[in-house]
Amino acid sequence: MNGAGRVIRRSLDAIYDGAGFLAALCLVAILIVIMVQVAARWAGISVHGPAEYAGYLMAAASFLAFAHTLNRGAHIRVGLLINALGERRFWGELWCLLVASAAGIFLAWYACKAVYWSWRLGDISQAQDATPLWIVQTPVAVGAIILAICFVDNLATLLLTGRDNISAGIEEQSRAE
């Protein structure tokens, strides 16, 4: 891999890892929100919206973690089927990444449209927190964009090098040792 290729690879991996870090922060924030809700109930204080914010943070954590998880090989994959393809494995991986790239781009496009229209129409949450929905939809759209980039990145790498960027899963690594 040439110098520019290494810079691009490091940059993309940094984006995936950064999104994974943000997902972890969202999980910590969920813990804090739940702890505040429990403490408020014990103290007899009424707090509006903790359950909604925990849900918003869970959606953000999920979408932000997708690309990081994919490249670490931690997603559930059809490894048995792919391995059973033998010498045709490349074609199976190519088909999977083509479909996943198309689906990822589709998801990212419509997630961004949802953010735009929520902002444009002034949509707010139906719950008592009355949060503008574009704010809580933005991390989901960002995660969807990063996932689409990750799928296209893996597809391009597969086409150029014959193998994708997905690390061997935990089970595959333990079997190899």
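As a starting point, this report considers the structure included with it. Just so it is clear, the structure is predicted and the values come from calculations on it, not from any experiment.

### Structural notes on the packing of helix α1 (residues 3-43) against helix α2 (residues 50-71)
Moving on, step 1. Between α1 and α2, whose axes approach to 8 Å, the crossing angle comes to 155°. What the angle tells us is that α1 and α2 run roughly antiparallel. Pair α1 / α2 crosses with left-handed handedness.
Moving on, step 2. Split into classes, the residues belonging to the contact of α1 with α2 amount to 20 nonpolar, 4 polar and 3 charged.

### Topic: the side chain of Ser125
Moving on, step 1. For Ser125, the location among the structural elements is in the loop between α4 (89-121) and α5 (133-161).
Moving on, step 2. For Ser125, a relative accessible area of 10% gives the class buried.
Moving on, step 3. A polar side-chain atom of Ser125 sits 2.9 Å from a polar atom in the side chain of Tyr56.
Moving on, step 4. Setting aside residues up to four positions removed in sequence, Ser125 forms contacts with Tyr56, Ala130, Thr131 and Leu133.

### Observations regarding the packing of aromatic side chains
A ring pair, where both rings are aromatic, is described by two values, the distance of the centres and the angle of the planes.
Moving on, step 1. Enumeration over the complete set of coordinates arrives at 6 aromatic pairs.
Moving on, step 2. Arranged with centres 5.1 Å apart and planes meeting at 85°, the rings of Phe90 and Trp91 form a pair that is edge-to-face.
Moving on, step 3. Classification of Trp91 as exposed rests on a relative accessible area of 56%.
Moving on, step 4. For the pair Tyr116 and Trp117, a centre-to-centre distance of 5.1 Å together with 80° between the ring planes defines the contact as edge-to-face.
Moving on, step 5. By way of ring pairs, the aromatic residues Tyr116, Trp117 and Trp119 are connected into one cluster.

### Brief notes about the environment of Val33
Moving on, step 1. With respect to the helices and strands, Val33 occurs in helix α1.
Moving on, step 2. Counting along the chain gives 17 residues from Val33 to Pro50, while the straight-line C-alpha distance between them is 6.0 Å.
Moving on, step 3. The residues contacting Val33, other than those within four sequence positions of it, are Pro50, Ala54 and Leu57.

### What about α2?
Moving on, step 1. For α2, spanning 22 residues, the distance from its first C-alpha to its last is 32 Å, which sits close to the expected 32 Å at 1.5 Å a residue.
Moving on, step 2. Of all the bends in α2, the largest measures some 40° and sits at Ala65.
Moving on, step 3. Looking at the packing, one finds that the buried side of α2 touches α1, α4 and α5.
Moving on, step 4. Just past α2, the residue Gly73 takes up positive phi, approximately 75°.

Reading the values: rules and limits
For every chain, the first residue of its written sequence is number 1, and the numbers climb from 1 along that sequence. Per-residue local features of the predicted model are confined to residues with pLDDT of at least 70, and side-chain atom pairs are confined, for both listing and counting, to 80 or more; whole-chain, interface and lining totals are unaffected and use all residues. Side-chain calculation: all heavy atoms of the structure are included, whereas hydrogens and water are not. Inter-axis angles, ranging from 0 to 180 degrees, are taken between N-to-C directions of lines fitted to C-alpha atoms, where helices are fitted over the stretch in contact. Put simply, DSSP marks the helices as runs of H or I at least four residues long and the strands as runs of E at least two long, and each gets a number from the N terminus on. An angle below 35 degrees is read as roughly parallel, one above 145 as roughly antiparallel, one from 65 to 115 as roughly perpendicular, and any other as oblique. Handedness of a crossing is defined here by the sense of rotation of the near helix relative to the far one, left-handed for an anticlockwise turn of less than a right angle and right-handed for a clockwise turn. Each residue gets one label: Ala, Val, Leu, Ile, Met, Phe, Trp, Tyr, Cys and Pro are nonpolar, Asp, Glu, Lys and Arg are charged, and the others, such as Gly, are polar. Burial classes: relative accessible area under 20% of the type maximum marks a residue as buried, over 50% as exposed, and values in between as partly exposed (1.4 Å probe, protein chains only). Two N or O atoms count as a polar contact when they lie within 3.5 Å, although within protein this holds only if one can serve as hydrogen donor and the other as acceptor, and sequence-adjacent residues are included solely when both atoms are side-chain atoms. The criterion used for residue contact is that any of the two residues' heavy atoms lie within 4.5 Å. For Phe, Tyr and Trp, rings pair up if their centres lie within 6.5 Å, where Trp contributes its six-membered ring, and each pair is then called stacked (planes under 30 degrees apart), edge-to-face (over 60) or tilted (otherwise). By this rule, a helix spans an expected 1.5 Å times one less than how many residues it contains. Bend angle per residue: angle between axes fitted to the 7 residues ending at that residue and the 7 residues starting there.

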